[in-house]
Amino acid sequence: MRALVWHGTEDIRCDTVPDPKIEDDRDAIIKVTACAICGSDLHLYDHFMPGMEKGDVMGHEFMGEIVETGKGINGVLKKGERIVVPFTIICGECDQCKRGFFSVCERSNRNKDIADKAFGHTTAGLFGYTHLTGGYQGGQAEYVRVPFADKTHIKVPENLTDEQVLFLGDIFPTGWQAAVQADIQPTDTVAIWGAGPVGQMTLRSALLLGAKQVVCIDSVPERLEMARAGGAITIDNSQESTVERLNELTGGKGPEKCIDAVGMEAHSPRALEHAYDRVKQAVMLESDRASVLREMIYVCRPAGILSIPGVYGGLIDKVPMGALMNKGLTVRTGQTHVNRWTDDLVKRIDDGQIDPSFVITHRAKLEQGPEMYKTFRDKKDNCIKVVLRP
Amino acid sequence: MSEAMSQRYRSGFNNRSELPNYLVSDPRRRPDPVTRELAQGFGWFSIGLGLTELACGGAIARWLGMPRSAPVIRAYGVRELLQGVGILGASDPTPWISARVFGDALDIATVLPGLEGHNPHKDNVLIALVALAGVTAVDVICARNLAEAPLAPSEKVQRDYRRRSGFRRRAEAMRGAARGFKPPPDIIGPEAMRPWTLTNA
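Model, not experiment: these values are computed from the prediction.

(A) Seen up close, the overall build of chain A. On a plain count of helices and strands, chain A comes out with 13 helices and 18 strands. Relative to the globule expectation of 21 Å for 390 residues, the C-alpha radius of gyration of chain A, 20 Å, shows essentially globular dimensions. The C-alpha extent of chain A, read off along each of the three principal axes, is 60 × 50 × 45 Å. For chain A, the proportion of its 390 residues judged to be buried stands at 65%. Taking all contacts inside chain A whose residues are at least 6 apart in sequence as the whole, residues at least 24 apart take part in 70%. When the accessible surface of chain A is summed, it comes to about 13900 Å², and 51% of that surface belongs to carbon and sulfur atoms. Taking the average location of the 46 positive side-chain charges in chain A and that of its 54 negative ones, the two points are 2 Å from each other.

Shown next as structure tokens:
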């Protein structure tokens, strides 16, 4: 089969690789009908996340039709059935899964030992996202093996198109969880750093949940334009001070809720700060750039909430703990507990409350994937979200 | 964007003030990837050279047979460091790379007198000048490519996302449409930790 394969930094190729096979009774094989390139795939493309190996198949946002099931599926899934696959692989039986904390499933990461060493305890296995999270082959391919498929799936109504439901596997529930864990109230100003796909989903979720003001911060004009279309007030941080503008919008008090939809590859608009982080990253004194976190802690209203859906991989530096502690800020973060939200979100799409396909700006064939990675990373041709069809 | 406006934009605006507001918010240049990487490379090169000049200014001056130039070389080290930080940190490295070209000229002017008189290290001066000339040439190419790179907004005409709300109705009309959703208590924390105005409401 054809698949997008990681070969090294900025080197993804469309290769022919062996077809996946059923390896466990709870496995299913799906024929991928649509998949997307996620912003967090770029951390692998740029090789900021450790744990990738040559030959790994990329992709964790995908959907398709069941073509084969293991003996243990017990009729939960049937051949020909259409499912969206959540990016977090879940067993559904461990303590964390039972509590609904699916992204920290205790059993689905088959490289648990590595994760234990890196993070102290394992987190869930993820598709196409390093050997730290199980080394599972990803979904930017013609076929994918879905482990624990009897639990790791989202059933979707036939009347909804692939593009309407594809993002239930990652960015839509990620944006939704980011907004939900901010505990948004009708009097709140919610500031969201990053107007990429997750930022776009987050701001719409915050608006639906009833925030008084939703403010989106980025420097890419077309992304800010899309954010304004979704009802956000925008701040172009290459042109104006985020802190000053947020204070202006909140009567000097700062936003009650701050959401980081950027993560480890943040670009600080302050030259010295950005250079400092780049130098420290280059000499391996920190792995992630923390400029968004610093700004959020600084500008957030005391007793406010910081929600962090942006991906971080390792260590950061110069985090203002004094401000975080003295202002009494609450930090909520984590990979998304996808299946916890999807029943509700499917209904919202089906009811016409939101159509997540608004974010798609580029459609291409799987073979064009390597080129589309570059286009997406470099924000060429106004690219915000790419959907690939195998 | 209307077709007429698109046509006009494709034909090229001479004045940025003629652009619609939503297209002029990003004045940065978007160079091709090779030029961008070259500029980044110069950033790191500047930092490395700056540190070397600061730490070994005396040794470099002696190697050139110009021992009195040691303080000047150290000062140039500070200049290189500033340029390196500027290149790596700025959203648009163009002015910093241009500053490197002026710096190169200054370097050449400083080293050139080493060829005069009875300097026993003229060979070293020659080596330094050849290296400086090479670096200057690449600096000039990089600065020119950066200066000629299109401004970001000039690429912005192909698509218009102003209607991409994702909502069936106006965004403002959708505010609070999901207000009935109750966030799970285990996600938002214990009730006792929420603001009193909410818990006592």
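Moving on from the coordinates now.
(B) Region of the structure containing the interface of chain B and chain A. Contact residues are listed per partner, giving 45 residues for chain B and 62 residues for chain A. Counting each side, the surface lost to burial between chain B and chain A is near 4300 Å², with a carbon and sulfur contribution of 53%. Three residues stand out in chain B for area buried against chain A, namely B:Y161, B:R164 and B:I187, and they jointly supply 16% of the buried area on that side. For the interface between chain B and chain A, the tally reads 2 salt bridges. We note a salt bridge from A:D378 to B:R36, for which the minimum N-O separation is 3.4 Å. Linking chain B to chain A there are 19 residue pairs in polar contact (both at pLDDT 80 or more). Listing elements by their share of the side of chain B that touches chain A, those giving two or more residues are α2 (33-63), α3 (70-89), α6 (171-174) and α7 (185-188) of chain B. Ranked by residues supplied to the side of chain B that touches chain A, first place goes to α2(B) with 6 residues.

(C) Focus on the environment of A:D343. In this fold, A:D343 is placed in helix α12 (residues 338-350). The sequence separation of A:D343 and A:A229 amounts to 114 residues, and the corresponding C-alpha distance is 26 Å.

(D) Local environment of the sheet that holds strand β14 (residues 257-260) of chain A. Residue and element names in this part refer to chain A. Strand order in the open sheet formed by 6 strands is β13-β12-β11-β14-β15-β16, and the pairing between neighbours is parallel. Where the open sheet ends on each side, the last strands, each with one partner, are β13 (233-236) and β16 (330-333). Averaged over all pairs of adjacent strands, the angle between their axes in this sheet comes to 20°, without regard to strand direction. Strand direction decides the pairing type here: strand β12 (residues 213-218) and β13, joined by 4 bridges, are parallel. Directly across from D218, in β13, lies its bridge partner D236. Helix α8 (residues 242-249) contacts β11 (189-193), β12 and β13 of the sheet and is inclined by roughly 155° relative to β13.

(E) Molecular detail of the environment of A:H153. All names here are of chain A. Of note, H153 is situated in the loop between β9 (143-146) and β10 (154-155). Separated by 71 residues in the primary sequence, H153 and R82 place their C-alpha atoms 9.7 Å from one another. Setting aside chain neighbours within four positions, we find H153 in contact with V76, L77, I83, V84, P86 and N339. Within the local environment of H153, its side chain forms a polar contact with the backbone oxygen of D150, the two atoms lying 3.4 Å apart.

(F) Looking closely at the packing of aromatic side chains. Applying the stated criterion to the full structure yields 5 aromatic pairs over all chains. Ring geometry for A:W176 against B:F181: centres 5.1 Å apart, planes inclined by 75°, an arrangement best described as edge-to-face. Of this pair, A:W176 sits in helix α5 (residues 171-180) while B:F181 sits in the loop between α6 and α7, on two different chains. Among the residues examined, A:W176 registers a relative accessible area of 0% and is labelled buried. When the centroid spacing of 6.4 Å and the interplanar angle of 75° are considered together, the rings of B:F42 and B:F45 count as edge-to-face. With B:F42 and B:F45 both in helix α2, this residue pair falls 3 residues apart, about one helical turn. When its relative accessible area of 8% is taken as the criterion, B:F42 is described as buried. According to the relative accessible area criterion, B:F45 is partly exposed, its value standing at 37%. Ring pairing ties together the aromatic residues A:W176, A:W341 and B:F181, which thus form one cluster.

(G) How the structure looks around the side chain of A:D317. Residues and elements named next belong to chain A. Among the structural elements, D317 can be located in the loop between β15 (305-308) and α11 (321-326). Of the polar contacts made by the side chain of D317, one reaches the side chain of K280; its length is 2.4 Å. If we skip the residues at most four places from it in the chain, D317 touches Y276, K280, E286, A290 and R294.

(H) A look at the state of the cysteines. Residue and element names in this part refer to chain A. Within this structure, the stated rule accounts for 0 disulfides over all chains. Between C97, a cysteine without a disulfide, and C94, which holds the nearest cysteine sulfur, the sulfur-to-sulfur distance is 3.7 Å. Overall, C97 belongs to the buried group, its relative accessible area being 5%. As a non-bridged cysteine, C216 has C258 as the owner of its nearest cysteine sulfur, 12 Å distant.

(I) The arrangement of helix α10 (residues 291-299) of chain A in detail. All names here are of chain A. The buried fraction of α10 is high, at 8 of 9 residues. When α10 is considered as a whole, its buried residues turn out to be S291, V292, L293, R294, E295, M296, I297 and V299. Packing partners of the buried residues in α10 comprise β11, α8, β14, α9 (271-282), β15 and α11.

Criteria and thresholds
- Residues numbered from 1 in each chain as written.
- Chains lettered and ligands numbered in written order.
- Predicted model: local features only at pLDDT ≥ 70, side-chain atom pairs only at ≥ 80, totals over all residues.
- Heavy atoms only, no water.
- Helix = DSSP H or I, 4+ residues; strand = E, 2+ residues; numbered from the N terminus.
- Rg over C-alpha atoms; globule rule 2.2 N^0.38 Å.
- Buried < 20%, exposed > 50% of the residue type's maximum accessible area, 1.4 Å probe, protein only.
- Contact = heavy atoms within 4.5 Å.
- Areas by Shrake-Rupley, 256 points an atom, 1.4 Å probe, with all protein chains shown as cover.
- Lys, Arg positive; Asp, Glu negative; His and termini not counted.
- Charge placed at Lys NZ, Arg CZ, Asp CG, Glu CD.
- Buried area = accessible area lost by both parts, 1.4 Å probe.
- Salt bridge = Lys/Arg side-chain N within 4 Å of Asp/Glu carboxyl O.
- Polar contact = N/O pair within 3.5 Å; in protein donor to acceptor, adjacent residues only side chain to side chain.
- Pairing = 2+ DSSP bridges.
- Axes fitted to C-alpha atoms, helices over the stretch in contact; angles between N-to-C directions.
- Phe/Tyr/Trp six-rings, centres within 6.5 Å; stacked < 30°, edge-to-face > 60°.
- Disulfide = S-S within 2.5 Å.

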